[in-house]
Amino acid sequence: MARMAKGTLILVADGEKALILENAGTPDAPELSVVSRHAVPPEALAGATDRPGRMADKGPGQRSALEQADYARLAGEAFAADLAGVIEVEVAGRGSARLVIAAPAPILGAMRPHLGAATGRALAAECAKTLTGHPLPQIAKIVAAELEAA
């Protein structure tokens, strides 16, 4: 049964914004403080204004429309890769910090390939939930419950 020790880092993210938090309290009474805030630039979410492309098919005069790119998803995946780099630096700067990542499953999946070995060793738990809209005390309770269940 793991507990949220003092100094545990918690990355709370979704596809557009993220908080890096640290437990400044005790394992029995966690108290989260904000280390840093991150957000996707608004222009990354704007997407293209052009209509989807067309592709020539077999046969005379036949063309098919191509699927419109999902710019919000692409921006979220790029943001997740950038967050992985930020958390790498944060964990490396703290030495033996424990880490908990709370993010929706697609964001977790986009981050995993970009996390290094040191961050992998520091990773205590992954919580596949969107917690970015929750107040800090509620995030602390949810993450503590996830750690104890792990």
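Residues numbered from 1 in each chain as written. Predicted model: local features only at pLDDT ≥ 70, side-chain atom pairs only at ≥ 80, totals over all residues. Heavy atoms only, no water.

J.: I tried to follow the pairing of strand S6 (residues 99-102) on my own but got confused; where do I start?
T.: Every regular strand shows the same layout, with side chains that alternate between the two sheet faces. Side chains Leu99 and Ile101 project from S6 onto one buried face, and the interleaved Val100 and Ala102 project onto a second face that is buried too. Where strand S1 (residues 9-13) meets S6, four bridges bridge the pair, whose relative direction is parallel. From the neighbouring strand, Leu9 faces S6, where its bridge partner is Leu99. (Buried < 20%, exposed > 50% of the residue type's maximum accessible area, 1.4 Å probe, protein only. Helix = DSSP H or I, 4+ residues; strand = E, 2+ residues; numbered from the N terminus. Pairing = 2+ DSSP bridges.)

J.: How should the nonpolar core be read in this particular structure?
T.: The nonpolar side chains of soluble globular proteins are, as a tendency, buried together. Ranked by internal contacts, the top residues of the largest apolar core, which has 23 residues, are Leu11, Leu83, Ile87, Leu99, Ile101 and Met111. Elements with a contribution of two residues or more to this core: S1, strand S2 (17-23), helix H2 (71-94), S6 and helix H3 (105-111). Core analysis: the second largest hydrophobic core is formed by 17 residues, Leu21, Leu32, Ala125 and Ile139 among them. (Core = buried A, V, L, I, M, F, W, Y, C linked by side-chain atoms within 4.5 Å.)

J.: What should I look at first to understand the confidence of the model for the protein in this one?
T.: Where the model shows low pLDDT, its predicted coordinates should not be examined in detail. Across the protein, the average pLDDT comes to 86, with 92% of residues at or above 70. Least confident of the elements in the protein is helix H1 (residues 42-46), whose mean pLDDT is 67; most confident is S1, at 94. (pLDDT = per-residue confidence, 0-100.)

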